[in-house]
Amino acid sequence: MSSVQKVRKAIFPVAGLGTRFLPATKSIPKEMLPIVDKPLIQYAVEEAIAAGIETLIFVTSRKKHTISDHFDQAFELETRLAASGNSELLDTIRNIIPSHITRAEVPQIEPLGLGHAVNCARELVGDEPCAIILADDLIKSRGKGCLQQLISQFEIGGNSVLAVQRVADEDTGRYGIIEPTIDGCQLNSIIEKPNPENTPSNLAVVGRYILTPEIFPKLDIVANQASGEIQLTDAIALLLEDQIVEYCEFEGRRYDCGSKAGFIEATVDYALERADLRDKVLAHIAATVSKGTA
Ligand code: UTP
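The rules behind the values
- Residues numbered from 1 in each chain as written.
- Predicted model: local features only at pLDDT ≥ 70, side-chain atom pairs only at ≥ 80, totals over all residues.
- Heavy atoms only, no water.
- Helix = DSSP H or I, 4+ residues; strand = E, 2+ residues; numbered from the N terminus.
- Rg over C-alpha atoms; globule rule 2.2 N^0.38 Å.
- Buried < 20%, exposed > 50% of the residue type's maximum accessible area, 1.4 Å probe, protein only.
- Salt bridge = Lys/Arg side-chain N within 4 Å of Asp/Glu carboxyl O.
- Near = heavy atom within 4 Å.
- Polar contact = N/O pair within 3.5 Å; in protein donor to acceptor, adjacent residues only side chain to side chain.
- 1 Å grid on protein atoms, 1.4 Å probe; cavity = no way out; pocket = protein on both sides within 12 Å on 5 of 7 lines; lining within 4 Å.
- Sits in = over half its atoms within 2 Å of the grid points.
- Nonpolar A, V, L, I, M, F, W, Y, C, P; charged D, E, K, R; others polar.
- Phe/Tyr/Trp six-rings, centres within 6.5 Å; stacked < 30°, edge-to-face > 60°.
- Points joined across faces, edges and corners; volume = space filled by probe spheres on them.

Below, the discussion takes up the overall build of the protein. Across its full length, the protein carries 11 helices and 13 strands. Scaling as 2.2 N^0.38, a compact globule of 294 residues should have a C-alpha radius of gyration of about 19 Å, and the protein matches this with 20 Å. Summarising its shape, the C-alpha atoms of the protein cover approximately 60 × 50 × 40 Å along the three principal directions. Burial statistics for the protein: of 294 residues in total, 47% are counted as buried.

Listed below in structure tokens is the structure:
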């Protein structure tokens, strides 16, 4: 039997400022913005539950109570929908999170970076591997979800696994970029936002990670050295000095919903998959393109 620990917990850092979506994100967290009619955070939570995660840990800022509201029971709304016999809508708001799943929340008082947000969840994670999901990276897979693919790889060797995707050379300066080993799927090194002229590869880390608990002391070291944001990438670089870290070029299409263009692409693609919207949206796109006003 494998001695690799099961990945039971997932951290959802949702305490960023979301400045690229202002003014919408002045009072609404970016992760509550909907793709068609479902908030980004719900897609992420569904992906985690489908991958076998049992505990959801939200790292939130003060304004993010709307996220816990979204997953709480809405008695008045449910009563009204039940009274009006709208069972279809009732189903969409009821039991979004199944009863066997535990939900926890921890505050990040100041947005000091993704690495800091992850470290806020340390007590709740304890001494076990955990998943990290950035809800603004929406990933549509044909088969197994992206997180499930990472967990399957983790279960083989028990090493940390990062989701990566090939990006255009000129975009490498926007991501954490890995230098892969010649064979296998391990990292030689990782660097945050390299100069595109000097990038070690075009394999960019995107918003899904499985990390061993040894990441937490590394985050402390980074925090002590950092002058600006506390980067998760820098802690992973330190982890690499002691442990194997792997990457997974997952199957699936990723939408960068933290950017406006990515958010709009996701909205169009998800709408086109919906039987109730497809024809209207296609007709609108065709008419817009033929008028040349697109
Ligand atoms: P981003 O780098 O997209 O930053 O964070 P942001 O603040 O959310 O958005 P912009 O760039 O200002 O538009 C990536 C993920 O890390 C979380 C965010 O909520 C997002 O899920 N995060 C970031 C935190 O939870 N805390 C932080 O201090 C920073």
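Here we take up the pattern of salt bridges. This model, assessed by the stated rule, comprises 22 salt bridges. With its nearest N and O atoms 2.7 Å apart, the salt bridge here joins Glu 128 to Arg 8. With Glu 128 in the loop between helix H6 (122–125) and strand E6 (130–133) and Arg 8 in the segment before strand E1 (9–14), this residue pair connects regions lying 120 residues apart in the sequence. Residue classification places Arg 8 among the partly exposed residues on the basis of a relative accessible area of 31%. In this structure, Glu 76 engages Arg 80 in a salt bridge whose closest nitrogen and oxygen atoms are separated by 3.7 Å. Residue Glu 76 and its partner Arg 80 are located together in helix H3 (residues 75–83), separated by four residues, close to a single helical turn. A single burial state applies to Glu 76 and to Arg 80, both of which are exposed. Three or more residues are tied together by salt bridges with common partners; here these are Lys 6, Arg 8, Lys 9, Glu 54 and Glu 128.

Before going further, it helps to spend a moment on the site of the ligand. Close to the ligand lie 17 residues; Leu 17, Thr 19, Lys 30, Gln 108 and Gly 113 are nearest. A distance of 2.8 Å separates an oxygen atom of the ligand from a polar side-chain atom of Lys 30. In this structure, an oxygen atom belonging to the ligand sits 2.9 Å away from a side-chain N or O atom of Glu 31. Judged by its atoms lying within 2 Å of the grid points, the ligand is housed in the largest pocket. For the shell around the ligand, the secondary structure elements donating two or more residues are E1 and helix H5 (114–120). Split into classes, the residues belonging to the shell around the ligand amount to eight nonpolar, five polar and four charged.

Per the stated rule, a full pass over the model turns up five aromatic pairs. Between the aromatic rings of Phe 21 and Phe 263, the centroid separation amounts to 5.3 Å while the plane-to-plane angle is 65 degrees, which identifies the pairing as edge-to-face. Of the two residues, Phe 21 is situated in the loop between E1 and strand E2 (34–35) and Phe 263 in helix H10 (residues 260–272); the sequence distance between them amounts to 242 residues. An identical accessibility class is assigned to Phe 21 and Phe 263; each is buried. Ring centres 6.0 Å apart and planes at 70 degrees place the aromatic pair Tyr 255 and Tyr 270 in the edge-to-face group.

So, on to the layout of surface pockets. Roughly 990 Å³ of volume is contained in the largest pocket. For the largest pocket, the lining is made up of 33 residues, of which Arg 20, Lys 30, Leu 114, Leu 134 and Asp 136 are closest to its centre. When residues of the lining of the largest pocket are traced back to their parent elements, those giving at least two are E1, H5, strand E11 (203–211), helix H9 (232–242) and strand E13 (253–256). Per-element accounting of the lining of the largest pocket gives the leading share, four residues, to E11. Taken together, the residues of the lining of the largest pocket break down into 13 nonpolar, nine polar and 11 charged. In this structure, the second largest pocket spans a volume of roughly 370 Å³. Around the second largest pocket, the lining is made up of 16 residues, and of these Asp 37, Gln 42, His 70, Thr 92 and Ile 93 lie nearest the centre.

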